[in-house]
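One letter stands for each residue in the lines below.
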Amino acid sequence: MKLIDGKQIAKDIVTELTEEVAKIEGPKPCIAFIRVGEDPASVSYVRSKNRTAEKIGIKPLLFELPESITQAELIKKVDELNADPEVHGILIQSPLPSQLDEQEAFNRIHPNKDVDGFHVQNAGRVVQEDPNGFASCTPAGIIEICQREGISLEGKHVVVIGRSLIVGKTFALLAMQKGPHANATVTVCHSRTRNLPEVVKSGDVVVAAIGRPNFVTADMVKEGAVVIDVGINRVEDPSKKNGYRLVGDVDFAAVEPLASRITPVPGGVGPMTVAMLMKNTFKAYKLQSSS
Ligand code: NAD
């Protein structure tokens with residue numbers, strides 16, 4: 001099938017983890033969520049992560065901190081959770097209010113509890129190909145999709161559009177790693193890239209992580225390419241009750257006929273992020289239980 005069903009792959013991961021967690025005798029894996037303020041998107045993301053953890057049997061702890069919190073108070077909470085042996089994973093929901101230094105807070109999480117993979121040490125572990133590190137969940141989810149769908153990256157030209165740490169840059173690093181999951185030849189395009197359409201057209205695999213609806217058009221895509229659309233963009237749609245619909249960074253209707261495989265939005269890469277967070281939490285539990 002041409003369409004990649006990320007929703008189903010994520011469900012399979014949740015089922016596998018549920019079976020693994022059920023086998024654990026004694027305290028179950030535990031993830032602590034820190035949410036600051038009441039940003040509606042953050043409330044909804046944390047709720048969804050919390051629900052998936054509960055479904056698997058991972059114990060969720062939710063800390064809702066006031067919008068006005070200081071950096072010192074946030075750090076104090078992180079330190080408490082770092083010191084708690086019953087907490088295996090810690091996630092600080094981004095974005096944080098502007099008075100807070102987000103990267104400093106991420107770097108305060110113990111690297112072995114950093115299940116979102118945003119700690120500087122985990123970024124380094126991705127570069128060093130350390131299997132005990134945690135890679136950011138969305139790029140790790142794309143690798144997982146490729147592995148489970150039999151899409152080999154070996155020797156392929158993978159063109160990544162976007163160079164954020166959370167998606168583009170980390171995916172590029174993962175795709176160029178040594179190993180059967182990767183071994184790709186990688187090009188990263190960004191806002192300063194010259195001749196971007198030609199570069200993208202040379203890609204056997206195109207990963208779009210830009211944040212602009214319909215950025216990747218049919219003339220940029222080689223026939224038979226695998227197209228992975230990471231973008232999540234709201235576009236106005238008066239026919240919808242809430243007045244908008246979600247689209248990716250790829251002009252899906254025009255590109256789909258050319259692609260050999262393609263992820264839809266929604267239902268492609270999106271659901272993988274929470275599934276990979278749970279996988280990272282189980283990995284953190286195993287690493288901490290064996291040390
Ligand atoms: P970002 O804004 O941090 O990075 C966007 C990148 O796109 C930048 O590196 C920039 O150089 C590049 N870019 C911007 N304009 C460009 C242009 N005109 N030409 C070429 N490159 C350009 O965004 P992000 O956090 O990486 O997210 C990208 C998209 O992925 C967003 O739509 C976001 O909502 C989505 N996203 C989805 C998930 C998920 O599926 N769970 C997770 C994270 C991000």
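Numbers given to residues run from 1 along each chain, matching the order in which its sequence is written. The model is predicted, so local features are restricted to residues of pLDDT at least 70 and side-chain atom pairs to those at 80 or more, both for listing and for counting; the totals for chains, interfaces and linings are taken over all residues. Heavy atoms throughout the structure, all of them, feed into the side-chain values; hydrogens and water do not.

Chemist: How should I be thinking about the packing of aromatic side chains in this particular structure?
Modeler: Each aromatic ring pair is described using two quantities: the centre-to-centre distance and the angle formed by the ring planes. We call Phe, Tyr and Trp rings a pair once their centres come within 6.5 Å, taking the six-membered ring for Trp, and we label the pair stacked below 30 degrees between planes, edge-to-face above 60, and tilted otherwise. If you walk through the whole model with that rule in mind, you get two aromatic pairs. Judged by centre distance (5.1 Å) and plane angle (55 degrees), the ring pair of Phe 106 and Phe 118 falls under tilted. Note that Phe 106 is positioned in helix α4 (residues 102–108) and Phe 118 in the loop between α4 and α5 (120–127), a separation of twelve residues in sequence. A residue is classified by how much of its surface remains accessible, and Phe 106, at 6% relative accessible area, is buried. Exposure categories follow from relative accessible area, calculated using a 1.4 Å probe and restricted to protein chains: below 20% of the type maximum is buried, above 50% is exposed, and the middle band is partly exposed. According to the relative accessible area criterion, Phe 118 is buried, its value standing at 13%. Between Phe 282 and Tyr 285, the aromatic rings sit 6.3 Å apart at their centres with planes inclined by 15 degrees, giving stacked as the arrangement. In this pair, Phe 282 and Tyr 285 both sit in helix α10 (residues 270–290), three residues apart, roughly one turn of the helix. Each member of the pair, Phe 282 together with Tyr 285, is buried. Whether a charge lies above a ring is judged from NZ of Lys or CZ of Arg, which has to be within 6 Å of the ring centre and within 35 degrees of the ring normal. In this structure, Arg 234 is placed above the aromatic ring of Tyr 244, and the distance from its NZ or CZ to the ring centre is 3.9 Å. A run of H or I in DSSP counts as a helix once it spans at least four residues, and a run of E counts as a strand once it spans at least two, with each numbered from the N terminus.

Chemist: So what exactly am I meant to see when it comes to the layout of surface pockets here?
Modeler: Unfilled space is identified by rolling a water-sized probe across the atoms. In this structure, the second largest pocket encloses a volume near 610 Å³. With a 1 Å grid laid over protein atoms only, a set of points is called a cavity when a 1.4 Å probe fits there but cannot get out and a pocket when it is open yet has protein on both sides within 12 Å along at least five of seven lines; lining residues have an atom within 4 Å of a point. Taken together, 26 residues form the lining of the second largest pocket, with Pro 131, Gly 133, Ala 135, Ala 140 and Lys 283 sitting closest to its centre. At the level of elements, α1 (6–22), α5, α6 (137–148) and α10 are the ones that each hand at least two residues to the lining of the second largest pocket. A total of six residues in the lining of the second largest pocket trace back to one element, the largest contributor, which is α10. The residue classification treats Ala, Val, Leu, Ile, Met, Phe, Trp, Tyr, Cys and Pro as nonpolar and Asp, Glu, Lys and Arg as charged. All others, Gly included, are polar. Here the residues of the lining of the second largest pocket sort into eleven nonpolar, five polar and ten charged. Grid points are joined across faces, edges and corners, and a volume is the space filled by probe spheres set on the points.

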